[in-house]
Amino acid sequence: MNFSKRIEGIAACIDPIQVIADIGTDHGYLPQLLLAEHKTQKAILTDVNEGPLNNAKNTFSADSPVEFRLGNGLEPIFKGEVDACVIAGMGGELIRSILEHDPEKTLSMSFLVLQPMTEQGILRQWLMSNGFEILYDAYVYERGKIYEIIKVAPHEANCILGKSDDVFSVPTDDLEFGYRILARSIEAYQIFLELRFKKYNAIYQNTKSADYYEQAENALLKLQTIEKIKRQLET
Ligand SMILES: C[S@@+](CC[C@H](N)C(=O)[O-])C[C@H]1O[C@@H](n2cnc3c(N)ncnc32)[C@H](O)[C@@H]1O
């Protein structure tokens, strides 16, 4: 079975544990890989929609150590039942609202691996203000797209997992550009910076007339932040 680089990148962030939950699993490819790599003994696969959960059921044989549960966010998971969870392939705002809804469950886990498709900076900000420590940000580049993976631990967990990983501390408060970049994903992170530079440069060029002063100013600040990060990366 071939897995996408995105799925492999998420799996690489999972430390070996007993039970993991994959929230919004769809085909269940991530837990399939985790079980194949013996990173978890058991997986609980959830989805809010029946169609995707049926997709997941078709991925596994009857004797696989997996459970399928229909439901919204973390609702199908009992507190203390899993060591960690993954929430991947959804918007950052949706991930935030799933976490916000069930603090008792999330704060009892050893770690969480999140892969927001949008609003990554907003999600990081929320995590840092709501009892989580960002252990690291990993980046994956696949077919012209960058995927951002955020590994966090609840402060209460006193989690040492991931802390020994080599990271680059991003020299800005603008969490759009990550927080602690995993050293092994620096190459993808540099591509991410180039893509963001192109995006904000285009915005700047299109808005620098007096009519769009605020947008131009914001784009210019982003460009300066990117330059600063790139300089720091070179030292
Ligand atoms: C784009 S797929 C991502 C699938 C998989 N996690 C991945 O990364 O490849 C998003 C999945 O999340 C499910 N989903 C959306 N909102 C959800 C929620 N509130 N709770 C659980 N699952 C949800 C959708 O039904 C869909 O199957």
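See the structure shown above.
Procedures and definitions
- Residues numbered from 1 in each chain as written.
- Predicted model: local features only at pLDDT ≥ 70, side-chain atom pairs only at ≥ 80, totals over all residues.
- Core = buried A, V, L, I, M, F, W, Y, C linked by C-beta atoms within 7 Å.
- Buried ≥ 20, exposed ≤ 12 C-beta atoms within 10 Å, placed from the backbone.
- Domains from an automatic or database assignment.
- Contact = placed C-beta atoms within 7 Å.
- Helix = DSSP H or I, 4+ residues; strand = E, 2+ residues; numbered from the N terminus.
- Axes fitted to C-alpha atoms, helices over the stretch in contact; angles between N-to-C directions.
- Parallel < 35°, antiparallel > 145°, perpendicular 65-115°, else oblique.
- Left-handed = near helix turned anticlockwise from the far one by under 90°.
- Near = placed C-beta within 6 Å.
- Nonpolar A, V, L, I, M, F, W, Y, C, P; charged D, E, K, R; others polar.

### Side note on the nonpolar core
The nonpolar side chains of soluble globular proteins are, as a tendency, buried together.
And then number 1: Counting residues in hydrophobic clusters, the biggest one holds 59 residues, and the most contacted among them are Ile-10, Ile-20, Cys-85, Val-86, Val-113 and Val-152.
And then number 2: Two domains share this core, each providing at least three of its residues, namely domain 1 (5–165) and domain 2 (188–234).
And then number 3: Once residues within four sequence positions are removed from consideration, Val-113 is found in contact with Ile-10, Cys-13, Ile-14, Val-86, Ile-149 and Lys-151.

### A short note on the environment of Pro-76
And then number 1: Relative to the helices and strands, Pro-76 resides in the loop between strand E3 (66–70) and strand E4 (84–90).
And then number 2: Between the alpha carbons of Pro-76 and Gly-92 there is a distance of 20 Å; along the sequence they are 16 residues apart.
And then number 3: Beyond its immediate chain neighbours, meaning those up to four positions away, Pro-76 contacts Thr-46, Arg-69, Leu-70 and Gly-71.

### A short note on the packing of helix H7 (residues 186–207) against helix H8 (residues 213–234)
And then number 1: It is at 8 Å that the axes of H7 and H8 come closest, and there the two elements cross at 150°. Put simply, H7 runs roughly antiparallel to H8. With respect to the hand of their crossing, H7 and H8 are arranged in left-handed fashion. Contact with H7, carried on its side by Leu-193, Arg-196, Phe-197, Tyr-200, Asn-201, Ile-203, Tyr-204 and Thr-207, involves Gln-215, Ala-216, Ala-219, Leu-220, Lys-222, Leu-223, Ile-226, Ile-229 and Lys-230 of H8 and no other residues of that element.

### Some words on the site of the ligand
And then number 1: In the region of the ligand, 16 residues are neighbours, and Gly-24, Asp-26, Pro-52, Ala-88 and Gly-89 sit closest.
And then number 2: Secondary structure elements with two or more residues in the shell around the ligand: strand E2 (40–47), E4 and helix H4 (92–101).
And then number 3: Here the element with the most residues in the shell around the ligand is E4; it accounts for three residues.
And then number 4: Tallied by class, the residues present in the shell around the ligand amount to seven nonpolar, seven polar and two charged.

Geometric descriptors of this kind do not, in isolation, establish any biological role.
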